[in-house]
Amino acid sequence: MIEIKKIAFKRGENQIFTSLSARIKPGEAVLLSGPNGVGKTTLLQLVGGVLRVQSGEILINGMKVDELSIKEQASIRAVAPQKRNFSLAFTVEEVINFLPKKLKAPNIDYIIDTLALRALMHRKVTELSGGEQERVSLALAFCQRAEYYLLDEPFSAQDSKSIKNIIKVIKTLQKADKGILVISHNQEALAQYFDREIKLS
Ligand SMILES: Nc1ncnc2c1ncn2[C@@H]1O[C@H](COP(=O)(O)OP(=O)(O)O)[C@@H](O)[C@H]1O
Ligand SMILES: [Mg+2]
């Protein structure tokens, strides 16, 4: 379980959280919503170990995030950041194959097919559209063997068909008892697909 316990976090003069608590259990898909600038990405970076809480604590499977090594964190959670900048001209296939064998999920073919990436496998990531790059970035998270998947605005450049397909992958992960946290600023149409919504305001 991911447990966010009374955390506070300040960026410069900006107090983003004062005492926020939330939890994500295995098998649960949770939507994290709220207006622009409210702190959704910040929260994901705290859970993902990129930033450290200033008070309170974040536990993953009972262990403090800050006390886990990068390797340990990688084996527990996969993150698809809001923006992944692909700057090197590798193919989609090469990018996915960079994942260490130990970290690879068993259902990579299913993910590539469901995210409609099969026809793009030999294209260079730098030459794909924004929406296609976003799906590669998501695939990179889904292709990791993890217990939790943290996705920051995974639908922002997707059409309705792609959104449905991404939700299909999320449902499949849920059935395998994975916990999923999805950030979206555009939550109204999406809430129905999730077990719960955490609203930041
Ligand atoms: N690297 C940073 N340094 C200072 N302030 C930041 C940084 N990144 C984001 N912020 C500020 O923190 C607040 C929360 O940002 P963010 O978590 O990205 O919001 P959201 O994802 O909900 O749109 C915003 O006011 C933003 O301007
Ligand atoms: Mg954000």
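Everything below is about the structure printed above this text.
Residues numbered from 1 in each chain as written. Chains lettered and ligands numbered in written order. Predicted model: local features only at pLDDT ≥ 70, side-chain atom pairs only at ≥ 80, totals over all residues.

Engineer: Which residues make up the site of ligand 1, and what values do they have?
Structural biologist: For ligand 1, the full set of nearby residues is Arg11, Gly12, Asn14, Ile16, Gly34, Asn36, Gly37, Val38, Gly39, Lys40, Thr41 and Thr42. A per-element tally of the shell around ligand 1 places helix α1 (residues 40-47) first, with 3 residues. The class makeup of the residues in the shell around ligand 1 is 2 nonpolar, 8 polar and 2 charged. (Near = placed C-beta within 6 Å. Helix = DSSP H or I, 4+ residues; strand = E, 2+ residues; numbered from the N terminus. Nonpolar A, V, L, I, M, F, W, Y, C, P; charged D, E, K, R; others polar.)

Engineer: Any chance you could break down the nonpolar core for me, citing the residues and the numbers?
Structural biologist: Counting 51 residues, the largest nonpolar core has Val47, Ala139, Ala141 and Tyr149 as its most contacted members. With 6 residues, the single largest contributor to this core is helix α5 (residues 130-142). Beyond its immediate stretch of four places on either side in the chain, Val47 contacts Ile2, Ile4, Ile58, Val65 and Leu150. (Core = buried A, V, L, I, M, F, W, Y, C linked by C-beta atoms within 7 Å. Buried ≥ 20, exposed ≤ 12 C-beta atoms within 10 Å, placed from the backbone. Contact = placed C-beta atoms within 7 Å.)

Engineer: Go over the pairing of strand β2 (residues 14-24) with me, naming the residues and quoting the values.
Structural biologist: Pairing geometry for strand β1 (residues 2-11) and β2, over 7 bridges, is antiparallel. When the bridges of β2 are listed, Ile7 appears paired with Leu20. Here β1 folds back onto β2 in antiparallel fashion, the turn holding 2 residues, of which Gly12 has a positive phi close to 60°. (Pairing = 2+ DSSP bridges.)

Engineer: I'd like a description of the sheet that holds strand β4 (residues 55-60), backed by residues and values.
Structural biologist: The 4 strands lie next to each other as β2-β1-β4-β5, forming an open sheet whose pairing is antiparallel. Single-partner strands in this sheet number two, and they are β2 and β5 (63-64). Inspection of the sheet shows β4 paired to β5 by 2 bridges, in the antiparallel sense. Within β5, the residue paired with Leu59 across the bridge is Lys64. Of the strands in this sheet, β1, β2 and β4 are in contact with α1, which crosses β1 at around 120°. (Axes fitted to C-alpha atoms, helices over the stretch in contact; angles between N-to-C directions.)

Engineer: An account of helix α6 (residues 160-175) is requested, with residue identities and associated values reported.
Structural biologist: Taking 1.5 Å of rise per residue, the 16 residues of α6 would be expected to cover 22 Å, and the 23 Å separating its terminal C-alpha atoms lies within 8% of that figure. Along α6, the residues that are buried comprise Ser162, Ile166, Val169 and Leu173. Within α6, the buried residues cover an arc of 55° as seen down the axis, which keeps them to one side. Projecting away from the buried face of α6 at angles above 90 degrees are the exposed residues Ser160, Lys161, Lys164, Lys171 and Lys175. Buried-residue contacts for α6 involve α4 (108-114), α5, β7 (148-152) and β8 (179-184). Following α6 by one or two positions, Asp177 has its phi on the positive side, about 70°. (Expected span 1.5 Å × (residues − 1). Arc of directions from axis to C-beta.)

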